[in-house]
Number of protein chains: 2
Amino acid sequence: MTTSTRAQKLALGKLIFGRPLATEELGEQAISNVVGLAVFASDALSSTAYATEEILVVLVAAGAASFNLSIPIAFAIALLLVIVTLSYRQTIHAYPNGGGAYIVSKTNFGPLAAQVAGAALLTDYVLTVAVSISSGVAQIASGIPGLQDYRIEIALLVIFVMTIINLRGVKESGRVFAVPTYFFLVMAFLLLGVALFQYLTGHLVPVKNVQDAIVPGTEALTGFLILRAFSSGCTALTGVEAISNGIPAFKEPKSNNAATTLTWMSGILITLFLGLTLLAHQVQAAPSTSETVISQVARAIYGDNSLMYFLMLSGTSLILLMAANTSYADFPRLAALQAADGFLPRQLGIKGSRLVFKWGIIVLGALASVLVVFFRADTTALIPLYAIGVFLSFTMSQSGMVVHNWRRRQQNPPLIKEMPVTTGKATHITGEHQMLPVYEYNPHWKREITISGLGAAVTGVVMFVFVITKFAEGAWFVTLLIPCMVFVFYRVHRHYTNVALRLKLNGRRPTHRIGKVKRILLVDSIHLGTLAMVDYAKSLGESWEAIHIAIDPDNTEKVLQRWEQYVRRGNPDIPNLEIIASPFRQLVKPLKEKVEFELELAGEGYVNVIMGHLVMDSYWEQALHQNSQITLDLMLQEIPHVVVTKVPYQIHNADDVPHGTPPPPTTAALPAN
Amino acid sequence: MTTSTRAQKLALGKLIFGRPLATEELGEQAISNVVGLAVFASDALSSTAYATEEILVVLVAAGAASFNLSIPIAFAIALLLVIVTLSYRQTIHAYPNGGGAYIVSKTNFGPLAAQVAGAALLTDYVLTVAVSISSGVAQIASGIPGLQDYRIEIALLVIFVMTIINLRGVKESGRVFAVPTYFFLVMAFLLLGVALFQYLTGHLVPVKNVQDAIVPGTEALTGFLILRAFSSGCTALTGVEAISNGIPAFKEPKSNNAATTLTWMSGILITLFLGLTLLAHQVQAAPSTSETVISQVARAIYGDNSLMYFLMLSGTSLILLMAANTSYADFPRLAALQAADGFLPRQLGIKGSRLVFKWGIIVLGALASVLVVFFRADTTALIPLYAIGVFLSFTMSQSGMVVHNWRRRQQNPPLIKEMPVTTGKATHITGEHQMLPVYEYNPHWKREITISGLGAAVTGVVMFVFVITKFAEGAWFVTLLIPCMVFVFYRVHRHYTNVALRLKLNGRRPTHRIGKVKRILLVDSIHLGTLAMVDYAKSLGESWEAIHIAIDPDNTEKVLQRWEQYVRRGNPDIPNLEIIASPFRQLVKPLKEKVEFELELAGEGYVNVIMGHLVMDSYWEQALHQNSQITLDLMLQEIPHVVVTKVPYQIHNADDVPHGTPPPPTTAALPAN
């Protein structure tokens, strides 16, 4: 690559991702409560856009009359939300450095529970992106029916853009997302206000001309059906935990700011969810395959194709599309925590030049895109997979808080058994363990245990209701997936532990191996790159030999002749080219045998295989030359005490002066080819 | 990887792909005419399974009465086939080493024409696989309606199995494919015979109960519609050229054997195609979306669900599935020719351990799978893309033969201008050009030019008819694709030419660069792998230095302390660890600056960067450690005179004794960590 194209690439990178940030700039990225609400609450608030609809989609099987039941179901969900909110306020104060289900499970139950919570949350974050964006695109397509056929493509585009924005860093993305969140809030409360006014003045009328409405069924209104509707509606609670994961992103005092934001968020969420459910009932909205309930409500209030209708729909679409951003904040952060504990690949814990965990962001974007394609951007198809993860993590987090406060019941509590804690580095690698901090006495421990215990109990029950009522529709998949993920996490962890053990120096001293180094040049054909490799070998000031593996008899003849002609040129210091037979046209096996033979001769020494490497300007050009090097590398790296050296020879496309100069008059005797 | 698992993998490889074959075994793989007919004619013969149906699918738009026209259209196509066969017999004799359109175009028109023919043929081979397998699966699904929903999956499975079979080599695949080809021929002629008997005895009755028949349209029977039906029927000719590409696979005398096989093939093809078209007309078969015409004909003759009906359908399905094999013989062979000429990646020209061009086989399988998924295994949807490539190559090949025989009109022809010929190696790489052979006088040149010219003219006209009549349905895509492919071929060629030029030794002598080698150890952290790297550095017997890039201040502190503790241990011969600052947590940039600085100091010398490399047992484990090495390698390889050495340290999962031994009593003073 020439210097100018590299500079252009760098400039493009900066334009898209922003300038690199120094490690010290980390603190500056803290966000205010107003921005925090936008960043962390958009998921929770946006679920009002589909929660009511998902209740009705279930109830419609028992006929339109059963829609009445949506009201008591919504109130039950609101009550559940109040309990969870009270419980999570406690968590935020108890874990000021971030009290997601992962940390709470880990410190109170240990690593296995932490990995279960981690698997549940990661699954859920991916689904949040897929569900929110699918629903957002459905809102857009309700307003502009011409887009119905392009829902998948639009959803994929949105995920792509969102991934890029998040790769720029959390502060910028906070700003970007504040506007749509507040725009939605204004529009939603305006809608409820206008509707209330119309209701009081007797002008509230049912919605007309609903296209593709689902035909009401004639199923009996069983308790099971009601539970299914209730569990569908519980998707309204998804996203409530986001703030407790994100406490460190807030300004000081972090816990107070985060708790305040949580309370505001829940209040707004309950108001909107109840308001919209009541309103949907009043205007007799009915689930349809091509128009969302929000769209029907807005049409009933503002009239078809009115400006306000489109503004309301835009606001809903925007917050839904932006809600996915909560996951873009949380998924990479959780993955980094798990990576630091050695349960996920370390790459997920590396902050890029913009101080974000770029691999986490990229992985999230990729997985969500797969879900969108697989479920054809259909919210109702995705719902059965959703919310299991959230409610599992709710349950684990709140039971963890019960344990936490139980430990804080005494004024001088005993020391808890030794346990690794997260220090931002993988503790199992360094082998450092720390004691858990001595638990401070909590005078309110009884009250707090009651609240957390109640929260844990109800969310646990809801989770089981969800799994049972949605099992056949897709919940089985998540029920299988989470244990599988935990298994993989432990495999990764076992690997890192094993490697750490085998690399560990403590108390063990390696056998030192100091000996001769046998140098072997691997000669493929004779060209300027080969001469560069020979020059390097000569520069080593030590003896070396050169071999050629005869995979093609005709070529071998030529290589041998050219070695004499261009490389040795009668110089006795340069070795003969040793030819190694290969009747099956294999490169790897004969080289392996040669290297193993030399290694035996070397005793306590090493074999250093020196290869030429043609370096091209671009990937596609490089791919045109990568015939055998990867295979050779894979073989050689498996033999202990064999060291591989690559002598590069760069080939550029630009019409610059080729390496080497024309022969000077004194060397005109060089034979022509 | 442990030795036993590697041995198991090798054994599995042998079981699937067969034992490796030595280069000398190449000759043994020649095939008899009987096997040759099965290998190379299955494509041509199998097209009788859909050609008649595709004619009817077009004619149905003008009402069922227009089906009468299928008879004259079929006779026109049969006449076309006679002309092409006579013409190709000449080609086979003129090019005994293989006279595909690529070679004929190249030797008579030059490289551009050759690449156009190459692009046309490669496109066509991929389509042959997709069309034949889609049609074959449609036949199966006609007989077993329960499989209708799994057509794509079955087609993909068949492609996969066929790819594996072909990776074993041509002789085995010839044997495998001989049985179904002859089974089909027996079944097809039996069907025609029984039908003739029924006709003569007055028992031939129309087919009943055709499901999902396409409703006849009311379009006017225009000339354009007739031309569309004709061009659809011309798919019967696809595959006729296969033998001329495959002459070297035949036994000696290759040309005579190949020409005989071609004549037999064409005779059988004409008989079957005309017979089936007449029969379809007699039994009033009508195109349907769920039942093929062959299935209808067989039902009419043998009765619903009779054994003979299923045998006929099996034969047709089998030969269609196997027809794709023609492409598996030709695609890799052509791609290897183009690779040898430097227009396709060299990898396509490398024969694997089973003497087959494995990359060509794999690429073909992959592309055909994509087409099957994209067109949902629907033959009629694929037809508009098909046959353009074949007819383009027919036209080019036969016009090439006109030029060829024009050059042979004189008894002592002049020498043609210097021109590269294929020698199995890329001539532009070695720079060797050969003279074209002096053309022998051909006493029959007038007659041969007439036949080839007529063939070129009619196939050229058919190609234009095809492009025009099918343009909107998909022919536009191939019309764009072929020029794009030729462009890419030339880009690849320009690249190889450029590289060859820059590596060329002829008449140029490189500036020799002999100087000191500065050795730099890159230290990431201190573990047993690091000590192994230091041991290697000590073994070099030369001075070296060690650097650490401070991407994490806490870690740097520790690395520095452990370097003193475990590596230097007070030994003044071991250098201090030099710390290189990196405020933006970058690895690449600080290392680059360091290396460039040292390179400047080195003058005419080299910088040798020595890195440790942890080698894991499996790919997934390796991926858990590949944090930065790839990026570092990419950066370092671009700097001339910088040589990278990797010191491997193998980590195995098996519970063997870890490397290094416990500290002997004398070193008990080694400080604990």
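Before reading further, recall that the structure is shown in the block above.
First, a word on what this report is: a plain description of the structure on this page.

### Some words on a nonpolar patch on the surface
Point 1. The grouping of A:Phe471, A:Trp476, A:Phe477 and A:Leu480 at the surface amounts to a nonpolar patch, some 410 Å² of accessible area in total.
Point 2. Mapped onto the elements, A:Trp476 comes out in helix 18 (residues 445-503).

### A look at the pattern of salt bridges
Point 1. Tallied over the entire structure, the rule returns 26 salt bridges over all chains.
Point 2. For B:Arg299, the salt bridge identified is with B:Asp304, shortest N-O distance 3.0 Å.
Point 3. In this structure, the salt-bridge partner of B:Lys646 is B:Asp633, at a minimum N-O distance of 2.8 Å. Of this pair, B:Lys646 sits in strand 5 (residues 642-650) while B:Asp633 is found in helix 23 (residues 629-636), placing the two residues 13 residues apart along the sequence.
Point 4. With a relative accessible area of 24%, B:Asp633 lands in the partly exposed category.
Point 5. Each of A:Lys518, A:Glu545, A:Glu578, A:Lys594 and A:Glu598 takes part in a single network of salt bridges with overlapping partners.

### Re the packing of helix 6 (residues 111-143) of chain A against helix 14 (residues 358-374) of chain A
Residue and element names in this part refer to chain A.
Point 1. Between helix 6 and helix 14, the least distance of the axes is 9 Å, while the angle of their chain directions is 55°. The orientation of helix 6 relative to helix 14 falls into the category oblique. You can see that helix 6 and helix 14 cross each other, and the crossing is right-handed. Counted together, Tyr 125, Val 126, Leu 127, Val 129, Ala 130 and Ser 134 of helix 6 and Leu 364, Leu 367, Ala 368, Leu 371 and Val 372 of helix 14 form the full contact between these two elements.
Point 2. Among the residues forming the contact of helix 6 with helix 14, the class breakdown is 10 nonpolar, one polar and no charged.

### Section: the environment of A:Ala475
Point 1. Residue position: A:Ala475 is located in helix 18.
Point 2. Residue A:Ala475 is classed as buried on the basis of its relative accessible area, which comes to 0%.

### Some words on the nonpolar core
Point 1. Counting 144 residues, the largest nonpolar core has A:Ile133 and A:Phe391 as the members making the most contacts within it.
Point 2. Per-element accounting of this core gives the leading share, 15 residues, to helix 6 of chain A.
Point 3. Once you skip the residues sitting within four places of it in the chain, A:Ile133 turns out to touch A:Thr128, A:Ala155, A:Val158, A:Ile159, A:Met162, A:Leu320, A:Leu321 and A:Ala324.
Point 4. Counting residues in hydrophobic clusters, the runner-up holds 143 residues, among them B:Leu262, B:Leu276, B:Ala300 and B:Met322.

### Regarding the sheet that holds strand 1 (residues 517-522) of chain B
Point 1. Taken together, the 10 strands give an open sheet; going across it, the order is 3(A)-2(A)-1(A)-4(A)-5(A)-5(B)-4(B)-1(B)-2(B)-3(B), and neighbouring strands pair in mixed fashion. Strand pairing shows two members of the sheet lacking a second neighbour, strand 3 (577-581) of chain A together with strand 3 (577-581) of chain B, which therefore form its edges. Strand-to-strand twist of the sheet, defined as the mean angle between neighbouring strand axes without regard to direction, takes the value 30°.
Point 2. Alignment of strand 2 (residues 545-550) of chain B against strand 3 of chain B, held across five bridges, turns out to be parallel. Residue B:Ile547 lies in a different strand from strand 3 of chain B, and its bridge partner there is B:Glu578.
Point 3. In the packing of helix 23 of chain B onto the sheet, contacts are made with strand 1, strand 4 (606-615) and strand 5 of chain B, and the angle to strand 4 of chain B comes to roughly 160°.

### A short note on the environment of B:His625
Point 1. Mapping B:His625 onto the fold places it in the loop between helix 22 (619-623) and helix 23.
Point 2. Residue class for B:His625 comes out buried when judged on its relative accessible area of 15%.
Point 3. The contact partners of B:His625, leaving out residues within four places of it in the chain, are A:Arg346, A:Gln347, A:His495, A:Tyr496, A:Val499, B:Leu614 and B:Met616.
Point 4. Within the structure, the side chain of B:His625 is placed 2.6 Å from the side chain of A:His495, a separation counted as a polar contact.

### Topic: unusual backbone geometry
Residue and element names in this part refer to chain A.
Point 1. With an omega dihedral of -10°, the bond running from Glu 252 to Pro 253 counts as a cis peptide bond.
Point 2. Relative to the helices and strands, Pro 253 resides in the loop between helix 10 (242-245) and helix 11 (254-282).
Point 3. Backbone geometry places Arg 376, a non-glycine residue, at a positive phi of 50°.
Point 4. Note that Arg 376 resides in the loop between helix 14 and helix 15 (379-382).
Point 5. Residues other than glycine seldom take positive phi values, yet Ala 387 does so here, at roughly 75°.
Point 6. Locating Ala 387 in the fold gives a position in the loop between helix 15 and helix 16 (388-407).

### Section: the pairing of strand 4 of chain B
All names here are of chain B.
Point 1. The element strand 4 is largely enclosed, with a buried count of nine among its 10 residues.
Point 2. Note: strand 1 against strand 4, six bridges, orientation parallel. When the sheet's bridge partners are listed, Ile 520 is paired in strand 4 with Val 609.
Point 3. Relative to strand 5, strand 4 is paired through nine bridges, and the arrangement is parallel. Within the sheet, the bridge partner assigned to Gly 612 lies in strand 5 and is Val 647.

Thresholds, definitions, all that
- Residues numbered from 1 in each chain as written.
- Chains lettered and ligands numbered in written order.
- Predicted model: local features only at pLDDT ≥ 70, side-chain atom pairs only at ≥ 80, totals over all residues.
- Heavy atoms only, no water.
- Patch = residues over 30% accessible without salt bridge, like charges linked within 9 Å, V, L, I, M, F, W, Y side chains within 5 Å.
- Areas by Shrake-Rupley, 256 points an atom, 1.4 Å probe, with all protein chains shown as cover.
- Salt bridge = Lys/Arg side-chain N within 4 Å of Asp/Glu carboxyl O.
- Helix = DSSP H or I, 4+ residues; strand = E, 2+ residues; numbered from the N terminus.
- Buried < 20%, exposed > 50% of the residue type's maximum accessible area, 1.4 Å probe, protein only.
- Axes fitted to C-alpha atoms, helices over the stretch in contact; angles between N-to-C directions.
- Parallel < 35°, antiparallel > 145°, perpendicular 65-115°, else oblique.
- Left-handed = near helix turned anticlockwise from the far one by under 90°.
- Contact = heavy atoms within 4.5 Å.
- Nonpolar A, V, L, I, M, F, W, Y, C, P; charged D, E, K, R; others polar.
- Core = buried A, V, L, I, M, F, W, Y, C linked by side-chain atoms within 4.5 Å.
- Pairing = 2+ DSSP bridges.
- Polar contact = N/O pair within 3.5 Å; in protein donor to acceptor, adjacent residues only side chain to side chain.

Without other data, these values stay purely geometric and don't point to any function.
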